[in-house]
Amino acid sequence: MDDSLIARLDEVAAEHAHLLDELGQPEVISDRERYVELAKKAAELEDLVRAYEAWKAASTEANEARELSSEGGSAEEQEYYASTLTDAEGRASEAEQRVRELLAPPDPRDQRAVIVEVRSGAGGDEASLFAAELLRMYQRYAERQGWRSGVLDASESGVGGVKEATIEIDGRGAFSKLKHESGVHRVQRVPATESSGRIHTSTVTVAVLPEADEVEVGINPEDLRIDTFRSQGAGGQHVNTTDSAVRITHIPTGQVVTCQSERSQRQNKDRAMRILLAKLKAFAEEEARSQLAAERRSQVGTGDRSEKIRTYNFPQNRVTDHRIGHTQHGIQQIMDGDIGEMVDALAQAEEVENVAS
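The notes below deal with the structure included here. (Residues numbered from 1 in each chain as written. Predicted model: local features only at pLDDT ≥ 70, side-chain atom pairs only at ≥ 80, totals over all residues. Heavy atoms only, no water.)

**Points about the overall build of the chain**
And step 1. When helices and strands are counted, the chain shows 11 helices and 11 strands.
And step 2. By residue count, 40% of the 357 residues in the chain fall in the buried class.
And step 3. Within the chain, counting contacts between residues at least 6 apart in sequence, those at least 24 apart form 61% of the total.
And step 4. Carbon together with sulfur atoms contributes 46% to the accessible area of the chain, which is approximately 19,300 Å² in total. (Helix = DSSP H or I, 4+ residues; strand = E, 2+ residues; numbered from the N terminus. Buried < 20%, exposed > 50% of the residue type's maximum accessible area, 1.4 Å probe, protein only. Contact = heavy atoms within 4.5 Å. Areas by Shrake-Rupley, 256 points an atom, 1.4 Å probe, with all protein chains shown as cover.)

The structure is reproduced here in structure tokens:
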């Protein structure tokens, strides 16, 4: 476990012990309302504290076995130390997994596909090129995780980049892994077209949305304007001669969704509706959050599109997430989808924040 997480768990354990101590005080026992309140708080922490104590005990046993083994001994003793170490490490791993499950219970949204929108921001052609690279990064990461992904819609730029694109990623746990990617991604590098070698700064906006059910959102058909047009890009003669692409506009909010990835108009309409539902749900949630001005902001960021969350510095071969101060080197590997370390660091920061809340 990370030191920051251990520190917070120590505080939780101390709080739990203090609550148990209070529950044994005569003045608390005689005050039924106070007793019930403290008992409820203690019960909420009990499973987490027990899992943490199990992890500490197993970790201590594993460390002792390592130390004894390093001091030497007979073959029988070494065999015993090795067996003890294996058993203790297994129990420590199980206890740590239980701690993490208690800190971050399963999110029902993880059972659904995820919509990822990538849009080029400031920086012109360079921004569109980086948008295309980010799109590929998420697709490669999905491959590494064994998830299915597909491009739903894309608007290409004249230099081989993308102005905006929408992809769908379908796989268990995809939302939990990718939800912290929402925000503004900044790139610093020398563009291929820059003859003077001057470093440019460009931005790309990413939004990650879990698919929503129509029942959750509720759409009045009269609020929709549906337009059809000819698809552009790959697809052959069928695509170029059939009005199969669909654009849906939600008039009350101004949300617009386009889909042209499928061969039939019906399929594109169904996909576009799924994207629209996800966007409207996110829109409603954002509206609700804006009304709670006093609510504490999350340590790992709100995921607001205006928030600069990460910088990709090519000259220094590093990527830094500004929300948690995590820096990772090897930028080419990262752009090839190797973002697991960054994703795990963000998840762990959220776990620490959950303990603190």
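Structure's up, so let's keep going.
**Some words on helix α3 (residues 32-70)**
And step 1. Helix length check: α3, at 39 residues, gives a terminal C-alpha distance of 55 Å against a target of 57 Å (1.5 Å per residue), a fit within 8%.
And step 2. Along its length, α3 shows its largest kink, about 40°, at E46.
And step 3. After α3 finishes, the residue G72 shows a positive phi value of roughly 90°. (Expected span 1.5 Å × (residues − 1). Bend = angle between axes of the 7 residues up to and from the residue.)

**So, the packing of α3 against helix α4 (residues 75-103)**
And step 1. Running from amino to carboxyl end, α3 crosses α4 at an angle of 155°, the nearest separation of the two axes being 8 Å. In terms of orientation, α3 lies roughly antiparallel with respect to α4. Read as a crossing pair, α3 and α4 show a hand that is left-handed.
And step 2. Taken together, the residues of the contact of α3 with α4 sort by class into 17 nonpolar, four polar and seven charged. (Axes fitted to C-alpha atoms, helices over the stretch in contact; angles between N-to-C directions. Parallel < 35°, antiparallel > 145°, perpendicular 65-115°, else oblique. Left-handed = near helix turned anticlockwise from the far one by under 90°. Nonpolar A, V, L, I, M, F, W, Y, C, P; charged D, E, K, R; others polar.)

**Comments concerning the pairing of strand β7 (residues 245-250)**
And step 1. Taken across its six residues, β7 has five buried, putting it largely inside the fold.
And step 2. Where strand β6 (residues 224-229) meets β7, six bridges bridge the pair, whose relative direction is antiparallel. Residue pairing for β7: D227 is matched across the bridge by R247.
And step 3. Two elements, β7 and strand β8 (residues 255-259), share five bridges in a ladder whose sense is antiparallel. (Pairing = 2+ DSSP bridges.)

**Observations regarding helix α1 (residues 3-23)**
And step 1. Here α1 spans 30 Å end to end across 21 residues, near enough to the 30 Å set by a 1.5 Å rise per residue.
And step 2. Listed as buried for α1 are L5, I6, R8, L9, V12, A13, H16, L19, E22 and L23.

**With respect to the packing of aromatic side chains**
And step 1. In the structure shown here, the tally under the stated rule is four aromatic pairs.
And step 2. The ring centre of F314 lies 4.8 Å from the NZ or CZ of R189, which sits over that ring. (Phe/Tyr/Trp six-rings, centres within 6.5 Å; stacked < 30°, edge-to-face > 60°. Lys NZ or Arg CZ within 6 Å of the ring centre and 35° of its normal.)

**Structural notes on the sheet that holds β7**
And step 1. A sheet is described by the order of its strands in space; here three strands give the open sequence β6-β7-β8, paired in antiparallel fashion. Single-partner strands in this sheet number two, and they are β6 and β8. In this sheet, adjacent strand axes meet at a mean angle of 15° when their direction is disregarded.

**A closer look at the sheet that holds strand β5 (residues 200-210)**
And step 1. In spatial order, the strands read β2-β3-β1-β5-β4-β9-β10-β11; together these eight strands make up an open sheet with mixed pairing. The open sheet has two edge strands, β2 (148-156) and β11 (326-329), and neither has a second partner. Put simply, the sheet's adjacent strands are angled 20° from each other on average, direction ignored.
And step 2. Pairing analysis gives seven bridges linking strand β1 (residues 114-120) to β5, with the strands arranged antiparallel. The residue of β5 that forms the bridge with S120 is V204.

**Description of the pairing of β5**
Regular strands place side chains that alternate from one sheet face to the opposite one.
And step 1. Of all 11 residues in β5, nine are buried; the element is thus mostly enclosed.
And step 2. Relative to β5, strand β4 (residues 183-189) is paired through seven bridges, and the arrangement is antiparallel. Looking at β5, one finds that Q188 is bridged to T201.

**Digging into the pattern of salt bridges**
Close approach of charged atoms allows side chains with opposite charge to pair.
And step 1. In the structure shown here, the tally under the stated rule is 26 salt bridges.
And step 2. Between R144 and D336 there is a salt bridge, with the nearest N and O atoms lying 3.8 Å from each other. Residue R144 is located in helix α5 (residues 125-145), and its partner D336 is located in the loop between α10 (331-335) and α11 (340-356); the two are separated by 192 residues in the primary sequence.
And step 3. A residue is classified by how much of its surface remains accessible, and D336, at 22% relative accessible area, is partly exposed.
And step 4. Among the ionic pairs, K177 bridges to D344, the shortest N-O distance being 3.7 Å. Here K177 is found in helix α6 (residues 174-178), whereas its partner D344 is found in helix α11, with 167 residues between them in sequence. (Salt bridge = Lys/Arg side-chain N within 4 Å of Asp/Glu carboxyl O.)

**Things to note about the nonpolar core**
And step 1. Ranked by internal contacts, the top residues of the largest apolar core, which has 33 residues, are V116, L134, Y138 and Y312.
And step 2. Mapped onto this core, the elements with two or more residues apiece are β1, α5, β3 (162-170), α6, β5, α10 and α11.
And step 3. By residue number, the principal contributor to this core is α5, which donates eight residues.
And step 4. Setting aside chain neighbours within four positions, we find Y312 in contact with F130, L134, M137, H185, R186, V187, Q188, R318, V319, I331 and M335. (Core = buried A, V, L, I, M, F, W, Y, C linked by side-chain atoms within 4.5 Å.)

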